[in-house]
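Residue strings, one per chain:
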Amino acid sequence: MPTLVTDAKFFNCTQSRELAEKIAAAYGSKLGNVITSTYSDGEFQPSFEESVRGARVFIIGSTHPGADHLMEMLLMLDAAKRASARHITAVMPYFGWARQDRKDKPRVPIAAKMIASILETAGATRIITMDLHADQIQGFFEKPVDHLFASTVFLPYLRNLNLSNLTIASPDMGGSKRAYAYSKALESDVVICYKQRVKANVISHMELIGNVEGRNVVLVDDMVDTAGTLTKAADLMMERGAISVRAICTHPVLSGEAYERVEKSKLQELIVTDSIPLKKESRKIKVVSCADLFADVMNRVHNNRSISSKFIM
């Protein structure tokens, strides 16, 4: 009788290969062999070039738009399911489309819920992700979700800066819970930015709730897209007398003119994780790897051990 394969196997989606290699190395393993064939019209087909029968499979890939990143994850989940993998975990450091988590006006989709359903239909038996745009997205899944916090890697970095007169700030009202969690861990003050939007990515007005005069400020957010809110908040705080302004943002989407805005702003530095690969280098952007965090959690999941110690927020 053949021996049941129970080893963990690691595979990567194309856009997350560098992070996947770091995660596998931190775990003490190597990435499995996947070949992706591409047709002339752009259609593509991933193929596992080794057996995954009976194995726990971790498929690592962030699903930031465009849709090809999500489609690749779905195809790999389906391939693993049809190849008789025993457990199929979608490791999604950045869960794309998460900003569409509710109907904020009539006749719009709730994309985050739809994608949760599609991932499960494709074959995911577990989801591991980090800093969802809204915590309640976990409830969109019927399968277990391990929602990790990037504070695990950011807090040691902030403590090593040894900043005096530290104040944690949220760039909007929606991030206040996250800011309060950081302030509790660092025993610091909190300020909140109140903003009004004309439309998505366009701010008409911003006001500061709290005092930043003579303070070293750290803005905390789950992601930075166009960097409009972040840089406007940093400039406003410097105008209000802050000594310095830094920002920590888990997911560096950095679209449009984001890099130029960061460079021209009064931000001293922007600290991000490698959940999404940077499109280009910047003297102001510091990358802190989340590979060790994911490797440790994946090891605990594979060996049926608690991961509650990773939820330090």
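Everything below is about the structure printed above this text.
Each value, and the rule that gives it
Each chain carries its own residue numbering, running from 1 in the direction its sequence is written. Only residues with pLDDT of 70 or above have their local features reported here, since the model is predicted, and side-chain atom pairs are shown and tallied only from 80 upward, although totals for entire chains, interfaces and linings are computed over all residues. Water and hydrogen atoms play no part in the side-chain values, which are based on all heavy atoms of the structure. Two kinds of site are reported from a 1 Å grid over the protein atoms alone, namely cavities, where a 1.4 Å probe fits but cannot get out, and pockets, open sets with protein on both sides within 12 Å along at least five of seven lines, and residues are called lining when an atom falls within 4 Å of a point. Grid points are joined across faces, edges and corners, and a volume is the space filled by probe spheres set on the points. Under the DSSP-based scheme used, a helix requires at least four consecutive residues in state H or I and a strand at least two consecutive residues in state E, with every element numbered from the N terminus. Under the grouping applied here, Gly and all other residues not named as nonpolar or charged are polar, the nonpolar ones being Ala, Val, Leu, Ile, Met, Phe, Trp, Tyr, Cys and Pro and the charged ones Asp, Glu, Lys and Arg. Definition used for salt bridges: Asp or Glu carboxyl oxygen within 4 Å of a side-chain nitrogen of Lys or Arg. Burial status follows relative accessibility: with a 1.4 Å probe on protein chains alone, a residue under 20% of its type maximum counts as buried, one over 50% as exposed, and anything between as partly exposed. By definition, disulfides here are pairs of cysteine sulfur atoms that lie within 2.5 Å. Between rings of Phe, Tyr and Trp, where Trp is taken as its six-membered ring, a pair exists when centres lie within 6.5 Å; planes separated by under 30 degrees are stacked, by over 60 edge-to-face, and by other angles tilted.

This next bit is on the layout of surface pockets. By volume, the second largest pocket is sized at about 210 Å³. If you trace the second largest pocket, you find 15 residues lining it, with Glu18, Asp274, Ile276, Pro277 and Leu278 closest to the centre. At 4 residues, helix 1 (residues 17-27) tops the list of elements feeding residues into the lining of the second largest pocket. Of the residues contributing to the lining of the second largest pocket, the split by class is 5 nonpolar, 3 polar and 7 charged.

Within this structure, the stated rule accounts for 15 salt bridges. Notably, a salt bridge pairs Glu50 with Lys9, separated by 3.2 Å at the nearest N-O pair. Of this pair, Glu50 sits in the loop between strand 3 (44-48) and strand 4 (56-60) while Lys9 sits in strand 1 (residues 8-12); the two residues are 41 residues apart in sequence, bridging distant segments of the chain. Within this structure, Asp78, Lys81 and Arg82 form a network of salt bridges that share partners.

This part takes up helix 4 (residues 151-161). Buried within helix 4 we find Ser151, Thr152, Val153, Phe154, Leu155, Tyr157 and Leu158. Two residues or fewer past helix 4, Asn162 is found with a positive phi of approximately 50 degrees.

We now examine the state of the cysteines. All told, the structure shown has 0 disulfides when counted by the stated rule. Here Cys249 stays free of any disulfide, with the sulfur of Cys193 as its closest cysteine sulfur at 12 Å. The class for Cys249 is buried, based on a relative accessible area of 0%. Among the cysteines around Cys290, which has no disulfide bond, Cys249 carries the closest sulfur, lying 14 Å off.

Counting across every chain of the model gives 4 aromatic pairs. Measuring from ring centre to ring centre gives 5.5 Å for Phe10 and Phe58, while their planes differ by 15 degrees; the resulting arrangement is stacked. Taken together, the residues span a long stretch of sequence, with Phe10 in strand 1 and Phe58 in strand 4 at a distance of 48 residues. Both residues of the pair, Phe10 and Phe58, belong to the buried class. One aromatic cluster is present, formed by Phe10, Tyr27 and Phe58 through successive ring pairs.

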